[in-house]
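Letter by letter, the chains look like this.
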Amino acid sequence: MNKPEQEVEPNSKRPRVSPSSSSNSETREVHVSGASDSIKQGEVGSSPSQIQSQPIIADSCSSCPPNKCATNTENATNPATTASEKPSTPTPAVASASVMCTSARATATATATANANANANSTKSGGEGGGKKRKPKTRVALLMRYLGTGYKGMQHNPNAKTIEGDLLAAIHRAGGISDDNAGSLTKVSWSRCTRTDKGVSAACNVVSLNMIIEPDIIERINRELAGTTISIYGYRKTTMTFDAKRRANGRDYEYVVPTFFFTDSATPAPAPKADGTPYKSYQEVSFKDESEEESETSCTTSSTTAADPKPDTSNTPLATVHPTTQATTREQWWPNIDASDPRLDYLRKFLHLYEKTHLYHNFTIGKSPTASNSKRFITSFTCSDPFNVDGMQLVSLKVSGQSFMQFQIRKMVGFAILLLRLRPLPPIEVVTEALNQSMSPQNVGGGIPTAPAVGLYLDQPLFDSYNTTLGVTRGIISASEFPTQVREFKEQLLHKHIVNSEFASHEVQHWLYMQEALPLCGFPAFLTSLLPFHSVAQPSTSTSS
């Protein structure tokens, strides 16, 4: 088929195509000056914009050296081209683009893309601000310890002083969190293993985050934490999907308490506080002081205050009152016990009753017995032998479980301690039934007494599953990796803090004093029918069996 004739207007730089008839299926070649390859176009009637949108493949490349370009070499061996096929001037479509071969065009495109990416990376702040180069972040598990005194709990709250608030600020100042990510838990994918309540400490807790790692980052963070009760043991690199809360398969808590709850004497009214502040009421000590969420009507109230004389409860069933043996000094009413004391064995037997899966809706706040998360699994609950710290005898109650609800451990401890304030001690079979009734879905809102927070601390979270599968290659996440530091924190700081706090504020003593002033030592009313024969005996016949 004959090609359509081309005409070039005298004053035009663009070749004209004769509008001679052509099949839609035919193609025509428009040659440009210096190019023997053709730009194939579709229909004759294609618009200029359509023509300009076609790829430009030139035969005489302006980017390659003459002897290096395959197209130029081919042209040298095939020079024959008619004048009519090579207009002296290029079309506007070609004039607006570089004339280059396919290979040169691909190279130029790749180079331009690489340069664009490099420019984008150099101008991204990435949290570093002002065009600074982005610093790489690594997913880590951060192992830490702290005293909970003076904090409104672990969880970050912009309107309160919290452990996470101080820790986030310190990591940012140390360079572990960039400026743009400062103060945001979401931007660093923050996850806490355990959210401790107000006043609760931790010998080891774990948080996970995306952090900028530098050789001395832990030392820098700890310098920024100077003046707080928080310190970092170290970090472990983890998988990018590691979540401290979801990966933890258990938690160990300890509650360290003075042994005066074992005594036969009623707890005397405590001396004035060292700082002169008044004691709080039972209601405030048990609930309001610990959580704004707790309803003031959800527990037994008492109008008794420290300034009032202790009410006469000699006729109250199960109250521990021994007026003729009331001691006047701490040594008289609080003698030390030894490891063979039968009451230690009694306490240990009772603590074992908490083990396995039970319903704990009465050992927290706002939980329905029908809620699936009201059930909790307790692995073990033990009591240590007595030990002395700075002149005060203590025991440690250690509980291990998958997870715990708010106030759960302190209510479990409160239940156990107050059983030992009943005289005579109820048989273990009776207290077993009492505990079963407290866990029954038929009994709701029992108001189990809550022990003070000062003695409770998180011993360590457990990552057994993660450590078994990934810990070998990525590092074990465990307090056992820092044994000396953890032991020194417990012995030199944590236990001494508990003792000094009790000497200064008498919080546990005051709590017992207030509980013993209440009917049934503050136990819920539904337990009264279980212990009707355990009324207070005469002091001379009271025994501890």
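Now for a look at the structure at hand. Throughout, residues of each chain are indexed from 1 in the direction in which the sequence is written. Local features in this predicted model are restricted to residues whose pLDDT is 70 or higher, and side-chain atom pairs enter the listing and the counts only when it is 80 or higher, whereas totals over whole chains, interfaces and linings include all residues. Excluded from the side-chain calculations are hydrogens and water; all other atoms, namely the structure's heavy atoms, are used.

1. A word on unusual backbone geometry
Link 1 in the chain: Phi at Asp390 takes a positive value of approximately 50 degrees, unusual for a residue other than glycine.
Link 2 in the chain: Here Asp390 lies in the loop between strand 12 (387–389) and strand 13 (392–401).
Link 3 in the chain: Phi is positive for Phe407, which is not a glycine, with a value near 70 degrees.
Link 4 in the chain: Note that Phe407 resides in the loop between strand 13 and helix 11 (408–419). The helix count covers DSSP runs of H or I at least four residues long, the strand count covers runs of E at least two residues long, and both are numbered beginning at the N terminus.

2. With respect to the pairing of strand 13
Link 1 in the chain: Here's how the labels work: a residue is buried when its accessible area is under 20% of the maximum for its type, exposed when over 50%, partly exposed in between, all with a 1.4 Å probe on protein chains only. With 9 of 10 residues buried, strand 13 lies mostly within the body of the structure.
Link 2 in the chain: At least two bridges found by DSSP between two strands are what make those strands a pair. Judged from the 8 bridges that link them, strand 9 (residues 250–258) and strand 13 form a sheet pairing that is antiparallel. Among the inter-strand pairings, Arg251 is bridged to a residue of strand 13, identified as Gly401.
Link 3 in the chain: Pairing of strand 11 (residues 375–383) with strand 13 involves 5 bridges; the strand directions are antiparallel. Its bridge partner being in strand 13, Thr382 is matched across the sheet by Lys398.

3. Examining the side chain of Asn362
Link 1 in the chain: With respect to the secondary-structure elements, Asn362 resides in the loop between strand 10 (356–359) and strand 11.
Link 2 in the chain: Engagement of the side chain of Asn362 in a polar contact is seen with the backbone oxygen of Ser438, the distance being 2.8 Å. Distance and chemistry together define a polar contact, namely a pair of N or O atoms within 3.5 Å, with one atom able to donate a hydrogen and the other to accept it when in protein, and with adjacent residues in sequence counting only for side-chain atoms on both sides.

4. What about the nonpolar core?
Link 1 in the chain: Core analysis: the biggest nonpolar cluster contains 104 residues, and Leu209, Tyr354 and Phe415 have the highest contact counts within it.
Link 2 in the chain: Looking at this core, the element that brings in the most residues is helix 11, giving 8 residues.
Link 3 in the chain: Residues in contact with Tyr354, not counting those within four places in the same chain, are Tyr360, Phe363, Ile378, Phe381, Met412, Phe415, Ala416, Leu435 and Met439. The definition of a nonpolar core used throughout is a set of buried Ala, Val, Leu, Ile, Met, Phe, Trp, Tyr and Cys residues joined through side-chain atoms within 4.5 Å. Any two residues having at least one pair of non-hydrogen atoms within 4.5 Å are treated as being in contact.

5. Some words on helix 6 (residues 217–224)
Link 1 in the chain: If you check which residues of helix 6 are buried, you get Ile217, Ile218, Arg220 and Ile221. When helix 6 is viewed along its axis, its buried side chains cluster within an angular range of 160 degrees and face the same direction.
Link 2 in the chain: Looking at the buried residues of helix 6, the elements they touch are strand 5 (137–146), helix 5 (163–174), strand 7 (201–212) and strand 8 (230–237). This arc is taken over the directions from the axis of the helix to the C-beta atoms.

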